[in-house]
Amino acid sequence: MDKFELILDTADVEGIKQCLDILDVQGVTTNPTIITKSGKQPERAIQDIIDVLDEDQKLFVQVVATGYDDIMEEARHIASLRGGKNVYAKVPVTHAGLKAIKRCRVEGIKTLATAIYSADAAFMAAHNGADYLAPYVNRMCNYGDGVEQVCDLIDMLAVQGSTTKVLAASFKNVDQVHRLVLNGIQAVTIPVDVALGMVGHPGTAIAVDEFSANWKAAYGRDTLLA
């Protein structure tokens, strides 16, 4: 079984650095909205992310164009970033996007199919050759049980022997991530606050404070070493 991948969904370089310090992070995803919220020109925002990642960590950059020819032009540009290593073009699963995903497979451009709202659309993107699929879990919950739909997708891919990975996106809370990890999700892309929320239980801090207070009361110091 492939190693689980934790991907950060952000263009906040300081947030990325914070997570890189304490978590085993496999990459970063962006989208047009995330880039605009960075307050930077897109080229600068993308380069700043590249600068904080090592070459083994993955970068996912989304196309902005909506027409097939323009999507392909942008996908080729994205594929050229970082010398083409560990970089993926994010392509929405519109008709033009699905056509582009097919073409990207022919050209050797790695893709993440995105803006997915159903297991069926995701499966067809995988069939077209997408390397990753990004179902929008929380947004899918507006139309039903988004977590259940993604669990169905995981099973569909496994039954068909697909090598495409599910990189679930659009999370608003830790419980959604928890349920998908329990059901065998290969990867998630989550905001910095959700990632930190998974390791920030208040009970941990309370326990540590109690240990420290008891130790200091007994030995008059705050460390194990005298």
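Everything quoted here is computed from the prediction, not taken from an experiment.

Here Gln 57 is to be found in the loop between α3 (42–52) and β3 (58–62). Within the structure, the side chain of Gln 57 is placed 2.9 Å from the backbone oxygen of Val 25, a separation counted as a polar contact.

It is worth spelling out unusual backbone geometry at this point. One non-glycine residue, Asn 86, lies in positive phi territory at about 55°. The buried category is assigned to Asn 86, whose relative accessible area is 14%. The backbone of Ser 170 shows a phi angle near 60°, a positive value even though the residue is not glycine. Assignment of secondary structure puts Ser 170 in the loop between β7 (165–168) and α9 (174–182). Take Ser 170: its relative accessible area is 16%, and that puts it in the buried class.

Evaluated as defined, the whole model comprises 13 salt bridges. One salt bridge in this structure joins Asp 145 and Arg 179, with 3.8 Å as the shortest N-O distance. Placement of Asp 145 in the loop between α7 (137–140) and α8 (146–159) and of Arg 179 in helix α9 is noted, with a sequence separation of 34 residues between them. The salt bridge partner of Asp 222 is Lys 216, with a shortest N-O separation of 3.9 Å. The network of salt bridges with shared partners includes Lys 40, Arg 44, Asp 48 and Asp 51.

This next bit is on the environment of Phe 171. Summarising the element assignment, Phe 171 is placed in the loop between β7 and α9. Since its relative accessible area comes to 3%, Phe 171 is described here as buried. It is 7.8 Å that separates the C-alpha atoms of Phe 171 and Val 194, two residues lying 23 residues apart in sequence. For Phe 171, the residues in contact, after removing those within four places along its chain, are Val 137, Gln 176, Val 177, Leu 180, Val 188, Thr 189, Ile 190, Pro 191 and Val 194.

Sheet architecture is closed into a barrel: 8 strands sit in the order β1-β2-β3-β4-β5-β6-β7-β8, paired in parallel fashion. Strand-to-strand, the axes of this sheet are offset by a mean angle of 25°, without reference to chain direction. Relative to β3, strand β2 (residues 27–29) runs parallel, the two sharing 3 bridges. Along β3, the bridge assignment pairs Thr 29 with Phe 60.

Thresholds applied
Residues numbered from 1 in each chain as written. Predicted model: local features only at pLDDT ≥ 70, side-chain atom pairs only at ≥ 80, totals over all residues. Heavy atoms only, no water. Helix = DSSP H or I, 4+ residues; strand = E, 2+ residues; numbered from the N terminus. Polar contact = N/O pair within 3.5 Å; in protein donor to acceptor, adjacent residues only side chain to side chain. Buried < 20%, exposed > 50% of the residue type's maximum accessible area, 1.4 Å probe, protein only. Salt bridge = Lys/Arg side-chain N within 4 Å of Asp/Glu carboxyl O. Contact = heavy atoms within 4.5 Å. Pairing = 2+ DSSP bridges. Axes fitted to C-alpha atoms, helices over the stretch in contact; angles between N-to-C directions.

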